[in-house]
Amino acid sequence: MIKLADVSYVRLGTRDLEGATHFATEYLGLDVAERAKGSVYFKSDEREHTLCYFEGDPGDQVVCFEVEEQFHLDEAAAQLESLGHPVRRGTASEAALRKVHDFIAFRDPTGNPIELTWRPAYSGRRYHGARDAGITGFSHVGLCSSDLARDEAFWTKVTNAQVSDRIGDAPLLRIDEVHHTIALFPSVKPGIQHINHQVETGDDIMRSHQFLKDRQVRMVFGPGRHPTSSAKFLYFEGPDGMVFEYSSGVREIADELLWRERQFMFEPKGFCKWGAKPNIAEFNK
Ligand SMILES: O=C/C=C/C(C(=O)O)=C(/O)C(=O)O
Ligand SMILES: [Fe+2]
């Protein structure tokens, strides 16, 4: 079994690196960690980077998870290959570009590009945000799934992910005490469905709602409150149609033995207990 220790970073291709950088700093509230040739790295917490925009195809979207030991990469590669998922070992220069010691790359059954990394860089420089969005860190991703049952089986049988709750057949998966680090949503194509940053308080959600609305950022869901994780949330659209979420107050599952996954309806009340309606294709199937 592949033990995912944390979600590490996302890498997003874009044809407009300057525009994406402007969004990530001035609107989303991240810090520029580094500008390199053809890419910009962003910080949202104590890690060296948690988002990288690079010049390329906006369909090129990668999510990376950290493993604890280097031999976990070898074990994961062998297991994935045996299950029919071709695995590529990252080269030293690719690892340097990702600010990690070592990594492997493969695709999940939907075709989402996934990386597993060992020793991603942390930073001595404190994250403070280009604007005061109240961000406390990069926390989870929604992934597109062309077959929810198959992909739930992949993540829960091949990795340590466990179902915390389901909305319809869409599972919210935890890899530690945080309610979910991966969420799968129905889609006909692969890709990252949304990128979540935690913020400190519900006030941060409301402040950002006003701030982003004033700047004509497209709101796609919320402000609202998830019945699943009980987090207050706001979803809005960033460059290349990527959906970003702020949420605050995500549930922690401290005692696994006492937790039973719950079933929510795949309709607006399963997504928000305040009555907000999602304007997000994958939440409306
Ligand atoms: O509305 C669906 C999403 C639920 C949650 C949650 O419970 O916090 C998410 O953040 C998510 O699935 O990404
Ligand atoms: Fe989310």
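Here the structure is shown first, and the text comes after it.
Criteria and cut-off values
- Residues numbered from 1 in each chain as written.
- Chains lettered and ligands numbered in written order.
- Predicted model: local features only at pLDDT ≥ 70, side-chain atom pairs only at ≥ 80, totals over all residues.
- Heavy atoms only, no water.
- Helix = DSSP H or I, 4+ residues; strand = E, 2+ residues; numbered from the N terminus.
- Buried < 20%, exposed > 50% of the residue type's maximum accessible area, 1.4 Å probe, protein only.
- Polar contact = N/O pair within 3.5 Å; in protein donor to acceptor, adjacent residues only side chain to side chain.
- Contact = heavy atoms within 4.5 Å.
- Near = heavy atom within 4 Å.
- Areas by Shrake-Rupley, 256 points an atom, 1.4 Å probe, with all protein chains shown as cover.
- Phe/Tyr/Trp six-rings, centres within 6.5 Å; stacked < 30°, edge-to-face > 60°.

Peer 1: Looking at this structure, I do not really get the side chain of Asp 102. What am I missing?
Peer 2: Mapped onto the secondary structure, Asp 102 falls in strand β7 (residues 102-107). By relative accessible area, Asp 102 is classed as buried at 8%. Within the structure, the side chain of Asp 102 is placed 2.9 Å from the side chain of Gln 70, a separation counted as a polar contact. Polar contacts involving the side chain of Asp 102 include one to the side chain of Arg 89, which spans 2.6 Å. Not counting the four nearest positions on each side in its chain, Asp 102 is found in contact with Gln 70, Leu 73, Arg 89, Ala 95, Leu 116, Thr 117 and Trp 118.

Peer 1: Sorry, what's going on with the site of ligand 1 here?
Peer 2: Neighbouring residues of ligand 1: 13 residues in total, closest His 194, His 226, Thr 228, Ser 229 and Phe 271. Between ligand 1 and His 180, the relevant distance is 3.0 Å, taken from an oxygen atom to a side-chain nitrogen or oxygen of the residue. Residue Ser 229 places a side-chain N or O atom 2.5 Å away from an oxygen atom belonging to ligand 1. In the complex, the protein chains occlude 100% of the 330 Å² of accessible area that ligand 1 would expose alone.

Peer 1: What is the right way to look at the packing of aromatic side chains in this model?
Peer 2: We describe a pair of aromatic rings using the distance from one ring centre to the other and the angle between the two ring planes. Counted by the stated rule, this structure contains 17 aromatic pairs. An angle of 80° between the planes, with centres 6.1 Å apart, marks the rings of Phe 23 and Tyr 27 as edge-to-face. Within this pair, Phe 23 and its partner Tyr 27 are both found in helix α1 (residues 17-28), separated by 4 residues, close to a single helical turn. Ring geometry for Phe 236 versus Tyr 246: centroids 5.0 Å apart, planes at 50°, classification tilted. Taken together, the residues span a long stretch of sequence, with Phe 236 in strand β15 (residues 232-237) and Tyr 246 in strand β16 (residues 243-248) at a distance of 10 residues. Relative accessible area serves as the criterion here: at 0%, Phe 236 is assigned to the buried category. Assessed through its relative accessible area of 0%, Tyr 246 is described here as buried. By way of ring pairs, the aromatic residues Phe 185, Phe 221, Phe 233, Tyr 235, Phe 266, Phe 271 and Phe 283 are connected into one cluster.

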